[in-house]
Amino acid sequence: MEIAFEQVFSVLIMLALISILIIAHELGHFWVAKKCGIRVERFGFGLPFGPTLWSKKVGDTEYCIHAALFGGYVAFPDDNPDSEVPPDSPERFENKTVMQRFAVAIAGVTVNAILGWLIMVMVVMAWGLPEIQGNDVTIGQVLSDRSPAAVAGLKQGDRIVSIEGETVSTEARDIAQRVTFVKDQIGAHKGEPFQMTVAHGDEMREITLTPNGEGLIGVSLLPGEKVYVRETNPVKAGLISAEFLSTFIVRNFQAIGQMITGQVDASQLSGPIRIVDEGRKMIDANGIQDGLILTAVISVILAVMNLLPIPALDGGHILFLIIEALKGSPVKKEIQERAIQFGFLTLLALMAFVLLNDINNVWLNPFDAKFAAPK
């Protein structure tokens, strides 16, 4: 998939926003560790694979930027067998109390959760959340620059007035029936041209559309017009933001469950490349506010996913600490190390799978290719 020059800025914005989430997460660990008197030997942006693009030591901490940008870490003396910090030093993570180590482990997800919520509050107060209003079937999004809809000149926000001379909005149809009518009419003209009348503001125009062989024109349909509704009361904005983000957390786990049960193809699992690409499309279509909404959603999902009791994630460390608090002694170091190594290898395999998905979906076999207009 080629990205036009004017879209590069949107890509850079999404990269910057996701980078902020990663850095904020690690800064949470870093700040709490420092407050607890733990030495941080390394603060890394990116994963420590391949070349290190930049590094600088300030005090006891070396700050690094790695080529594999989507990730980050905070390294303590405990992580370095060659560390000059003595085994019994209070500067080591393992020599702190359970509560101090718990505070360090949970700090990253706490920062991500708070940051995601604050971003949403800002969006709600400054731009508002999108809501669907009105009784006209409208174009929610043109999904591909190569789709029949794009070729015909359909735009986001166009209201569909009539198809083949038959009016969409009539008293005989409620809004759900109107959406179904539009879908049925488009699907009935597989590979065949038909006439559609659309309106945008006061402008009315006639267009000719030719769906592909599957009866698709490459748009999403909305049962009304998308408008942004602001809430300037900070308390109400905070509650609206919390409710909005919680719905996405539920949907995220529902999607995971559907993948596990085979209801959803695992090839739809998205990683950083596809997230940036989708964010770029959202910014291009609607503005920076949609990119910020996506960033807020990713931030809280990162927080929740990091709390899963999987070794190598924050949740895995928290699980070991809970076990230690209950039994009065730490889990054997050898068991922790093996579990973390297994968890880390599992995460690497998952990352590789997601990366291949992204490359296939965004570049090799882009999702929008199926919407290409028939020749």
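Structural notes, computed from the coordinates. (Residues numbered from 1 in each chain as written. Predicted model: local features only at pLDDT ≥ 70, side-chain atom pairs only at ≥ 80, totals over all residues. Heavy atoms only, no water.)

**So, the overall build of the chain**
Here is step 1 of the chain: Across its full length, the chain carries 9 helices and 10 strands.
Here is step 2 of the chain: For the chain, the spread of C-alpha atoms along the three principal axes comes to 85 × 45 × 40 Å.
Here is step 3 of the chain: Buried positions account for 38% of the 375 residues belonging to the chain.
Here is step 4 of the chain: In the chain, the proportion of contacts linking residues at least 24 apart, taken out of those at least 6 apart, comes to 69%.
Here is step 5 of the chain: In the structure as shown, the chain presents an accessible area of about 20,200 Å², 62% of it carried by carbon and sulfur atoms.
Here is step 6 of the chain: Measuring between centres, the 30 positive side-chain charges of the chain sit 5 Å from its 41 negative side-chain charges. (Helix = DSSP H or I, 4+ residues; strand = E, 2+ residues; numbered from the N terminus. Buried < 20%, exposed > 50% of the residue type's maximum accessible area, 1.4 Å probe, protein only. Contact = heavy atoms within 4.5 Å. Areas by Shrake-Rupley, 256 points an atom, 1.4 Å probe, with all protein chains shown as cover. Lys, Arg positive; Asp, Glu negative; His and termini not counted. Charge placed at Lys NZ, Arg CZ, Asp CG, Glu CD.)

**A closer look at the nonpolar core**
Here is step 1 of the chain: Counting residues in each nonpolar core, the largest one holds 26 residues, and the members touching the most others are Met14, Met120 and Leu245.
Here is step 2 of the chain: At the level of elements, helix 1 (8-35), helix 2 (98-126), helix 5 (234-260), helix 6 (272-286) and helix 7 (288-306) are the ones that each hand at least two residues to this core.
Here is step 3 of the chain: By residue number, the principal contributor to this core is helix 7, which donates 8 residues.
Here is step 4 of the chain: Setting aside anything within four residues of it in sequence, one finds Leu245 in contact with Gly116, Trp117, Met120, Ala296, Val297 and Val300. (Core = buried A, V, L, I, M, F, W, Y, C linked by side-chain atoms within 4.5 Å.)

**Topic: the pairing of strand 8 (residues 203-209)**
Here is step 1 of the chain: As judged from the 7 bridges shared by strand 7 (residues 194-200) and strand 8, these two strands associate in the antiparallel manner. Note that in strand 8 the partner of His200 across the bridge is Glu203.
Here is step 2 of the chain: Counted between consecutive antiparallel strands, the loop separating strand 7 from strand 8 contains 2 residues, among which Gly201 sits at a positive phi close to 70°. (Pairing = 2+ DSSP bridges.)

**So, the side chain of Asp358**
Here is step 1 of the chain: Residue position: Asp358 is located in helix 9 (residues 333-364).
Here is step 2 of the chain: We note that Asp358 is buried and unpaired, the nearest opposite charge coming from Arg274 at a distance of 5.7 Å.
Here is step 3 of the chain: Residues in contact with Asp358, not counting those within four places in the same chain, are Leu269, Ser270, Gly271, Pro272, Ile273, Arg274 and Trp363. (Salt bridge = Lys/Arg side-chain N within 4 Å of Asp/Glu carboxyl O.)

**Focus on the packing of helix 5 against helix 7**
Here is step 1 of the chain: Helix 7 packs onto helix 5 with a crossing angle of 60° between their chain directions and a minimal axis gap of 10 Å. With respect to helix 7, the axis of helix 5 lies oblique. Crossing geometry of helix 5 relative to helix 7 is assigned as right-handed. Residues Phe244, Leu245, Phe248, Ile249, Asn252, Phe253 and Ile256 of helix 5 pack against Ile293, Ala296, Val297, Val300, Ile301, Val304 and Met305 of helix 7.
Here is step 2 of the chain: Taken together, the residues of the contact of helix 5 with helix 7 break down into 13 nonpolar, 1 polar and no charged. (Axes fitted to C-alpha atoms, helices over the stretch in contact; angles between N-to-C directions. Parallel < 35°, antiparallel > 145°, perpendicular 65-115°, else oblique. Left-handed = near helix turned anticlockwise from the far one by under 90°. Nonpolar A, V, L, I, M, F, W, Y, C, P; charged D, E, K, R; others polar.)

**Here's the deal with a nonpolar patch on the surface**
Here is step 1 of the chain: On the surface, a nonpolar cluster with roughly 610 Å² of combined accessible area is contributed by Val8, Leu12, Leu15, Leu53, Trp54, Leu69 and Phe70.
Here is step 2 of the chain: Elements with a contribution of two residues or more to the nonpolar patch: helix 1, strand 1 (42-58) and strand 2 (61-75).
Here is step 3 of the chain: Looking at the secondary structure, you find Leu12 in helix 1. (Patch = residues over 30% accessible without salt bridge, like charges linked within 9 Å, V, L, I, M, F, W, Y side chains within 5 Å.)

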